[in-house]
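Observations on chain architecture
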Amino acid sequence: MTKSFIQLHIGIDDTDSLSGNCTTYVAAKIIEHIANFVNFSDYPRLIRNNPNIPWKTRGNGSIALSLETKKRYVEEIISFIFNFIKNNHEQDINTNPGCVIIEGEIPQCVKDFAKRALISNIKIDEAKRLIEELKLKSFHIGNGRGLIGALAALGNELKPSEDDFTYELLTYRLKENIGKKRLVSEESIHLMDKKLSPFVFNNIDEEKNKSIITPAGKDPVLYGIRGEDANTLLEAMKMVKTFEEIERYCIFRTNQGTDQHFKFAKSKIKKYSVFKGEIEVQTKPKTILGGHVFFKGKVLDSNKIVDVAAFEPTKRFKLVVKQLLPNDRIVAFGGIQVFQGDTFTVQLEKMIVTHVSNQYKEISPLCPQCGKRMTSAGFSKGHKCKKCGYKDRNSKKIREPIPRQLSKGLYIPPAGSQRHLIKPNRRYEIDKKIDKKIILINNWWKKMKN
Ligand code: ATP
């Protein structure tokens with residue numbers, strides 16, 4: 001990079017609401033507008049932050065763009081982006097857009113902030129303070145909550161030497177189709193998944209055998225395909241047939257499907273934080289109204305008692321959780337929520353069963369005379385045999401082991417109920433075979449229609 005070029009990083013968050021828009025789309029449009037004046041040094045990064053904070057719209061995602069540009073364009077680009085967000089964010093009481101700019105290298109304190117944004121609940125003031133201390137250019141609307149995600153995306157560089165990462169290709173709809181039913185061929189998604197597996201993932205919910213690449217809301221996304229490299233995603237896009245036109249597509253580099261939050265998680269019980277720790281089961285799991293499964297567990301690091309929950313949509317996973325019994329042990333991966341009173345609940349995202357305890361039931365002994373199972377003769381009165389009449393006042397119940405169906409090992413909910421950051425089974429199979437490098441392919445984004 002010569003002296004007349006400047007390295008610029010742009011973090012953006014909180015431009016959407018449930019009634020419309022998507023921060024990835026705002027970013028995709030900004031990319032189009034500035035493309036002729038910059039050299040992108042990375043794909044746009046789609047960073048998923050702590051999934052347990054309650055004020056997220058959907059998946060708590062934020063965006064960072066990294067590029068080089070001529071010194072003389074810098075001011076113009078920044079003011080264009082601030083204005084673009086001002087004019088193109090969703091108008092909603094819960095939408096608080098934020099954008100932060102970093103010139104040059106990302107400071108270590110921003111990287112540290114990003115790590116904490118993955119696992120804890122950060123206050124808006126902390127983001128504002130950091131921006132002030134570092135004298136960063138920033139822009140926000142409303143209470144500025146979006147500044148948290150903007151900084152978190154900037155600090156999470158997904159360096160191949162340090163971090164696992166994946167890609168997502170997002171296609172967007174024509175304006176006139178937004179809000180209507182998405183017209184994508186189910187069959188073509190299944191074919192694509194079959195052909196490109198294991199290098200694409202989370203296209204199909206394996207339990208329902210239904211595609212999950214199309215969102216349900218009023219946002220502009222038509223579908224998103226996740227995978228291990230950008231070229232495979234372009235191939236995947238060609239295979240997916242749609243019965244409506246695609247306005248544009250863009251490939252993002254992302255921490256989705258990497259378990260990145262669990263890399264930094266601890267066993268501390270703090271509201272809305274990410275939890276990772278060993279738990280001993282204290283009570284037999286119960287199914288409550290709505291089909292959710294709950295049990296009491298002891299966090300072994302602190303001896304604290306918590307509720308542990310597997311929610312109804314996790315289906316098969318929930319049924320495995322139901323097989324746990326007192327004294328079993330799991331490494332629980334999830335988030336801390338408070339559902340009732342003051343009790344903290346670990347909402348499970350996945351678990352490793354580390355110990356399956358021996359369980360016993362008490363039964364009456366066999367008759368020493370005829371071999372038939374005896375019955376109790378009453379409290380402290382021993383046993384009697386109904387067949388031959390034998391009685392023994394001193395005989396005691398015997399303990400018989402209960403066979404367990406549960407095996408030790410890793411359990412993950414089906415794709416349709418996995419949160420974005422969870423590493424799916426398919427990725428465990430290929431992890432070690434892939435040498436990850438960032439190669440920006442030519443057509444990583446394209447506007448196809450006005
Ligand atoms: P989408 O996935 O559709 O882009 P979203 O789920 O990302 O939407 P947002 O509208 O971006 O939801 O709202 C999440 C808000 O939470 C943002 O303002 C973001 O800055 C903030 N935020 C992100 N991470 C944290 C965190 N760790 N602690 C506190 N606030 C956070």
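Residues numbered from 1 in each chain as written. Predicted model: local features only at pLDDT ≥ 70, side-chain atom pairs only at ≥ 80, totals over all residues. Heavy atoms only, no water.

Re the side chain of histidine 9
Along the chain, histidine 9 falls in strand 1 (residues 5–13). Reaching out from histidine 9, the side chain makes a polar contact with the side chain of serine 66 at a distance of 2.8 Å. (Helix = DSSP H or I, 4+ residues; strand = E, 2+ residues; numbered from the N terminus. Polar contact = N/O pair within 3.5 Å; in protein donor to acceptor, adjacent residues only side chain to side chain.)

A look at the site of the ligand
With respect to spatial proximity, 22 residues lie near the ligand, and among them Asp14, Asp16, Thr57, Arg58 and Asn60 are the closest. Take aspartate 16: an N or O atom from its side chain is 2.6 Å from an oxygen atom of the ligand. Take asparagine 60: an N or O atom from its main chain is 2.6 Å from an oxygen atom of the ligand. In isolation the ligand offers 640 Å² of accessible surface; the protein chains occlude 98% of this area. By residue number, the principal contributor to the shell around the ligand is helix 5 (residues 146–155), which donates three residues. By residue class, the composition of the shell around the ligand is five nonpolar, 10 polar and seven charged. (Near = heavy atom within 4 Å. Areas by Shrake-Rupley, 256 points an atom, 1.4 Å probe, with all protein chains shown as cover. Nonpolar A, V, L, I, M, F, W, Y, C, P; charged D, E, K, R; others polar.)

Some remarks on the UniProt feature "domain: TiaS C-terminal zinc ribbon" (unreviewed entry) in the protein
The UniProt entry lists residues 365–406 under the feature "domain: TiaS C-terminal zinc ribbon" (unreviewed entry), expressed in the numbering used here. When the span residues 365–406 is considered, its composition is 0% helix and 26% strand, and the gap between its end C-alpha atoms is 28 Å. (UniProt positions renumbered as here; feature names shortened; annotations may be inferred.)

Some thoughts on the domain arrangement of the protein
Considered domain by domain, the protein is made up of domain 1 (5–157), domain 2 (166–258 + 426–430) and domain 3 (260–358 + 403–422). For domain 2 and domain 3, the distance between their C-alpha centroids amounts to 30 Å. Listed per partner, the contact involves 12 residues of domain 2 and 15 residues of domain 3. In total, about 1,100 Å² of surface goes out of reach between domain 2 and domain 3, with carbon and sulfur atoms giving 43% of it. Together, Glu206, Glu207 and Tyr428 form the three largest contributors to the area buried by domain 2 at its contact with domain 3, with a combined 40%. The tally of links between domain 2 and domain 3 comes to two salt bridges. Between arginine 316 and glutamate 206 there is a salt bridge, with the nearest N and O atoms lying 3.6 Å from each other. Considering only residue class, the side of domain 2 that touches domain 3 consists of three nonpolar, five polar and four charged. (Domains from an automatic or database assignment. Contact = heavy atoms within 4.5 Å. Buried area = accessible area lost by both parts, 1.4 Å probe. Salt bridge = Lys/Arg side-chain N within 4 Å of Asp/Glu carboxyl O.)

Considering helix 7 (residues 230–239)
An α-helical turn contains 3.6 residues, so any two residues separated by three or four positions project in the same direction. Every buried residue of helix 7 is accounted for by Ala230, Thr232, Leu233, Leu234, Ala236 and Met237. In the core, the buried residues of helix 7 are packed alongside strand 7 (166–173), helix 6 (186–196), strand 8 (200–201), strand 11 (221–227) and strand 12 (246–254). Two or three places before asparagine 231, at the start of helix 7, stands the capping residue aspartate 229, its side-chain oxygen 3.3 Å from that residue's backbone nitrogen. (Buried < 20%, exposed > 50% of the residue type's maximum accessible area, 1.4 Å probe, protein only.)

Some remarks on the nonpolar core
Residues Ile30, Leu151, Tyr223, Ile225 and Ile251 are the most contacted members of the largest nonpolar core, which totals 80 residues. Counting contributing residues, this core receives three or more from each of domain 1 (5–157) and domain 2 (166–258 + 426–430). Once residues within four sequence positions are removed from consideration, isoleucine 251 is found in contact with Tyr43, Pro44, Tyr167, Glu168, Leu169, Ala230, Leu233, Leu234, Ile441 and Trp444. With 23 residues, the next largest nonpolar core counts Val308, Ile336, Val346 and Leu348 among its residues. (Core = buried A, V, L, I, M, F, W, Y, C linked by side-chain atoms within 4.5 Å.)

Points about the packing of helix 3 (residues 108–119) against helix 4 (residues 124–133)
Direction vectors running N to C along helix 3 and helix 4 enclose 165°, while the axes themselves pass 11 Å from each other. Relative to helix 4, the element helix 3 lies roughly antiparallel. Read as a crossing pair, helix 3 and helix 4 show a hand that is left-handed. Listed contacts from helix 4 to Cys109, Val110, Phe113 and Arg116 of helix 3 are Glu126, Ala127 and Leu130. For the contact of helix 3 with helix 4, the per-class residue count stands at five nonpolar, no polar and two charged. (Axes fitted to C-alpha atoms, helices over the stretch in contact; angles between N-to-C directions. Parallel < 35°, antiparallel > 145°, perpendicular 65-115°, else oblique. Left-handed = near helix turned anticlockwise from the far one by under 90°.)

Some details on the UniProt feature "domain: TiaS-like TCKD" (unreviewed entry) in the protein
As recorded in UniProt, the feature "domain: TiaS-like TCKD" (unreviewed entry) lies at residues 10–142. Secondary structure content for residues 10–142 is 37% helix and 23% strand, and the end C-alpha separation is 19 Å.

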